[in-house]
Amino acid sequence: MNRIILLGRLVRDPEVKVTSTQKTYCTFTLAVDRPFIAKSGQREADFIPIQTWNKTAEICGNSLSKGQRLLVEGRLQIRSYDGKDGNKHYVTEVIADRVEFIEKRNSSGAQTEAPKADAGPMGSFGSEVTFNEEVPF
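Summarised in this report is the structure supplied together with it.

Analysis parameters
- Residues numbered from 1 in each chain as written.
- Predicted model: local features only at pLDDT ≥ 70, side-chain atom pairs only at ≥ 80, totals over all residues.
- Heavy atoms only, no water.
- Helix = DSSP H or I, 4+ residues; strand = E, 2+ residues; numbered from the N terminus.
- Buried < 20%, exposed > 50% of the residue type's maximum accessible area, 1.4 Å probe, protein only.
- Contact = heavy atoms within 4.5 Å.
- Areas by Shrake-Rupley, 256 points an atom, 1.4 Å probe, with all protein chains shown as cover.
- Salt bridge = Lys/Arg side-chain N within 4 Å of Asp/Glu carboxyl O.

**Some details on the overall build of the protein**
The secondary structure content of the protein amounts to one helix and eight strands. For the protein, the α and β elements follow one another from N to C terminus as β-β-β-β-α-β-β-β-β. The buried share of the protein, taken over its 137 residues, is 26%. Taking the intrachain contacts of the protein between residues at least 6 apart in sequence as the baseline, contacts between residues at least 24 apart amount to 55%. Accessible surface computed for the protein: about 10200 Å², of which carbon and sulfur atoms make up 52%.

Okay, structure coming up:
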């Protein structure tokens with residue numbers, strides 16, 4: 001199984017492009033904090049390239065900007081190509097099939113936390129659904 005889930009901040013505004021076959025894709029880099037603090041006392045981060053396609057790419061390109069927090073779900077992809085220098089180069093990236101906006105921009109351009117659903121007995125997993133044990137037939 002190849003599945004990855006990342007929570008981080010956009011390093012710069014996303015770039016939207018169109019392939020020669022008219023498919024839209026969007027690329028951006030996500031800064032993801034490491035789970036420890038370095039000896040210097042600073043938190044370190046990994047900068048992970050993300051790629052989205054089609055409608056998700058359009059939404060990301062139109063809605064995201066540098067500094068926003070995102071939750072990205074997708075798969076890890078490693079590809080290679082021959083460079084102009086004649087050497088083989090490897091690229092590791094995440095192909096995202098789901099992007100969730102953790103923060104949203106308000107009208108003044110400032111970022112705010114996305115509104116949270118009312119946390120009932122199910123916590124943040126949504127509302128509780130009751131189950132009727134009687135069989136209707």
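**Topic: the pattern of salt bridges**
Applying the stated criterion across every chain yields a total of nine salt bridges. Between Arg34 and Asp46 there is a salt bridge, with the nearest N and O atoms lying 2.6 Å from each other. Here Arg34 is found in strand S3 (residues 24–37), whereas its partner Asp46 is found in strand S4 (residues 43–53), with 12 residues between them in sequence. Between Glu73 and Arg98 there is a salt bridge whose closest N-O contact spans 3.0 Å. Pair noted here: Glu73 is in strand S5 (residues 69–82) and Arg98 is in strand S6 (residues 88–101), with a separation of 25 residues, a long-range link. You can call Glu73 buried: its relative accessible area is 19%. On the basis of relative accessible area, Arg98 is assigned to the partly exposed category, the value being 42%. One connected set of salt bridges, linked through shared partners, spans Arg3, Glu73, Asp97, Arg98 and Glu100.

Everything listed here is a matter of geometry and, on its own, says nothing about what the molecule does.
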